Amino acid sequence: MSVVVLVGAGPRTSGILERLGANAPELFDGPVEVHLVDPFAAGAGRVWRHEQSPLLRMNSMAEDVTMFTDASVTCDGPIRPGPSLAEWARSCLSSVPLEPSVRAELEAMEPTSFPSRRVQSAYLKWFHQVAVSSLPEGSSVTSHATKVVRITGSAQVRQRVWLADRAEPLVADVVVLVLGHLDTVVEPEHRRLAEYADAHGLTYLPPDYTADTDLSAVPAGADVVVRGLGLAFVDLAVLLGEGRGGRFTREDGTLRYVPSGREPRLHVGSRRGTLYHSKTGYRLQGAPPEPPRFFVASELLARPGEIDFRRDAWPLMAKDIAYGHYRELFTGHPSRVLASWEEFSARFAELDWYDDRMRALERETVPAVEDRIDFERLDRPIDGLEFSSAEEFQEFLRAHVEADVARRSDSAYSADLGAFLALLGVYGQFAVLSASGRLRGEDGWWHGFFSSIASGPPPDRLEELLALSRAGVVRFLGADTWVRAEDGVFLAGSASVPSHVVRATGLIEARLPVHTLPHTADPLLRSMAAAGDVTDVDGLVLVDPADSRVVDATGTPHARRFAVGPYTTRKAYAAFARPGTNAPNFRQSDEVARAILRFLAAEADGAGESVA
């Protein structure tokens with residue numbers, strides 16, 4: 001029987017299993033022996049495991065989450081539709097065993113709810129079972145709750161997969177690395193800060209996955225500086241506030257936070273200085289979105305030479321995102337514009353995004369400034385603003401966030417959703433361009449900008465953060481936040497309030513570890529790098545852009561080894577997707593599954609390969 005080992009058992013692995021089952025009748029319909037190796041439960045994996053705080057939630061609405069391909073997906077394999085999380089919730093309650101609190105949440109959940117991660121964990125576990133049942137008759141799936149430490153074997157022989165807790169290896173025809181989010185060794189800067197904290201009796205927490213962090217080290221009542229205003233900070237505020245016994249109550253329509261007395265005081269800032277934009281709470285009012293028209297990776301890659309991000313890519317990306325914004329504005333809110341969509345879009349298509357004539361077109365046809373899209377202002381909304389006191393800045397930023405929540409909750413501004421959906425299409429095209437190895441000049445800005453616009457928290461989470469701010473549990477520092485370790489404490493301030501300096505006894509890095517191959521803590525990647533079994537491209541594992549085979553140090557793709565995930569040059573395709581968006585993760589999973597099945601079929605035809 002053919003043997004496939006998948007290193008990692010999270011939702012990306014389940015997606016590959018589903019694609020193996022879907023494509024097997026065409027390419028290789030024999031039984032397959034599958035081994036999943038992951039310390040965490042199959043289906044949910046580390047990030048989406050059930051064993052985390054029930055307070056932690058998704059930042060996607062239930063109707064916007066699916067693990068199934070649909071008619072929008074352009075792949076060679078068959079489309080196998082299935083329920084979104086919202087649809088599954090309506091149909092599962094009588095047939096799926098569920099923990100009582102999860103069942104209660106599902107019973108109350110609406111399609112536009114932002115579910116807990118434990119609800120998503122239940123959906124992913126169910127999908128995993130569906131994926132396993134789709135494999136060819138006679139197949140088996142075995143889970144190993146451990147880690148892979150090394151793989152040996154040339155492309156001409158079956159692979160030996162060595163596990164941390166057993167002496168004998170698994171012997172496989174094909175190995176797929178589906179490693180997900182990985183830990184890193186502590187960087188020198190963070191090591192120095194930890195040593196400083198130890199020497200002065202302070203608290204320091206380096207970059208980490210917030211759900212995994214031991215927050216008991218953060219004392220009640222302490223002044224703690226937090227670097228980062230993204231989703232990691234949102235989770236941190238939840239766990240150090242409501243997670244420590246505080247509660248929210250609504251008084252005269254305003255959400256208030258009632259402290260438990262166990263909270264620290266969080267002084268939080270970042271480069272941008274503002275919280276991520278709220279997720280929208282409405283649906284499109286106008287025409288459905290279109291695939292990218294201007295930023296098409298294949299067209300850029302048809303040009304010779306290197307591709308510069310700022311010169312060649314970003315203007316086209318911005319134009320496509322703006323096109324989505326204005327398509328929704330003109331078709332969903334025609335009373336707010338002075339031209340037809342047909343007229344506007346024809347003129348729009350002829351102009352470069354940063355052409356002065358594009359600004360003139362916007363002024364002529366979109367009277368309200370608030371209906372126009374301004375990427376520089378979206379990216380750095382408080383640049384250049386200075387405040388005389390910390391209190392003045394708190395009032396300003398709370399008003400800024402309140403305005404953002406109001407806008408993202410009002411369907412009159414559904415053009416923002418049009419931009420968001422266009423952003424998703426651009427993200428997929430960017431991943432293809434990045435995987436080519438020809439992109440230059442992108443220093444990480446794009447991912448930060450994308451996250452701030454598209455990966456923000458639900459509106460009610462921002463409302464809770466405002467309540468925490470009014471209660472004094474959260475204090476905003478401002479833009480271009482700086483932190484220094486001196487005078488026996490952590491000092492912090494920002495460009496927004498130059499006169500204000502915080503003296504704190506703690507520092508928390510509210511951001512994920514930046515994983516690079518030279519600094520990985522994963523034993524398998526470390527051993528592969530040492531053996532020359534991977535190629536390092538800007539800290540990422542090089543994979544063949546055609547089918548995600550691992551490329552070794554000689555530049556040769558290994559016929560029996562595949563890799564998917566954020567640590568590879570094809571980068572971070574999300575494990576699940578929004579329905580109807582031709583999501584790149586489905587396309588990649590289909591490519592990988594078909595390549596595996598074709599290889600297994602060829603092996604079966606030429607039986608007798610050595611296992612040495």
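Residues numbered from 1 in each chain as written. Predicted model: local features only at pLDDT ≥ 70, side-chain atom pairs only at ≥ 80, totals over all residues. Heavy atoms only, no water.

Looking at this structure, how should I read the overall build of the protein chain?
The number of helices and strands found in the protein chain is 17 helices and 23 strands. Relative to the compact-globule value of 25 Å for 612 residues, the protein chain shows a C-alpha radius of gyration of 25 Å, a close match. Taking the principal axes of its C-alpha atoms as reference, the protein chain extends roughly 80 × 65 × 55 Å. Burial statistics for the protein chain: of 612 residues in total, 55% are counted as buried. Here the contacts in the protein chain between residues at least 6 apart in sequence split such that 73% fall between residues at least 24 apart. Carbon and sulfur atoms make up 52% of the accessible area of the protein chain, which totals about 24900 Å². (Helix = DSSP H or I, 4+ residues; strand = E, 2+ residues; numbered from the N terminus. Rg over C-alpha atoms; globule rule 2.2 N^0.38 Å. Buried < 20%, exposed > 50% of the residue type's maximum accessible area, 1.4 Å probe, protein only. Contact = heavy atoms within 4.5 Å. Areas by Shrake-Rupley, 256 points an atom, 1.4 Å probe, with all protein chains shown as cover.)

Can you help me understand the layout of surface pockets in this one?
Empty space among the atoms becomes apparent when a probe as large as a water molecule is rolled across them. By volume, the second largest pocket is sized at about 740 Å³. Lining the second largest pocket are 31 residues, and of these Glu 370, Arg 372, Arg 377, Leu 378 and Arg 407 sit closest to its centre. Those elements giving two or more residues to the lining of the second largest pocket turn out to be α8 (309-332), α10 (356-365), α11 (375-379), α12 (390-408), α13 (415-435) and α14 (445-454). No other element matches α12, which puts 6 residues into the lining of the second largest pocket. Among the residues making up the lining of the second largest pocket, the classes are represented as 16 nonpolar, 3 polar and 12 charged. (1 Å grid on protein atoms, 1.4 Å probe; cavity = no way out; pocket = protein on both sides within 12 Å on 5 of 7 lines; lining within 4 Å. Points joined across faces, edges and corners; volume = space filled by probe spheres on them. Nonpolar A, V, L, I, M, F, W, Y, C, P; charged D, E, K, R; others polar.)

Even after reading the chapter, I still don't get the sheet that holds strand β2 (residues 32-37), so can you show me in this structure?
Spatial ordering of the open sheet is given by β3-β2-β1-β7-β23-β22, a layout of 6 strands whose pairing is mixed. A single partner strand is all that each edge strand has here, and the edge strands are β3 (140-144) and β22 (549-551). Pairs of neighbouring strands in the sheet enclose a mean axial angle of 30°, with direction left out of account. Of the pairings in the sheet, the one linking β2 to β3 comprises 5 bridges and is parallel in character. When the bridges of β3 are listed, Val 34 appears paired with Val 141. Here helix α1 (residues 11-27) sits on the sheet in contact with β1 (2-7), β2, β7 (174-178) and β23 (557-564), set at roughly 140° to β7. Seen against the sheet, helix α17 (residues 584-605) touches β1, β7, β22 and β23 and runs at an angle of roughly 155° to β23. (Pairing = 2+ DSSP bridges. Axes fitted to C-alpha atoms, helices over the stretch in contact; angles between N-to-C directions.)

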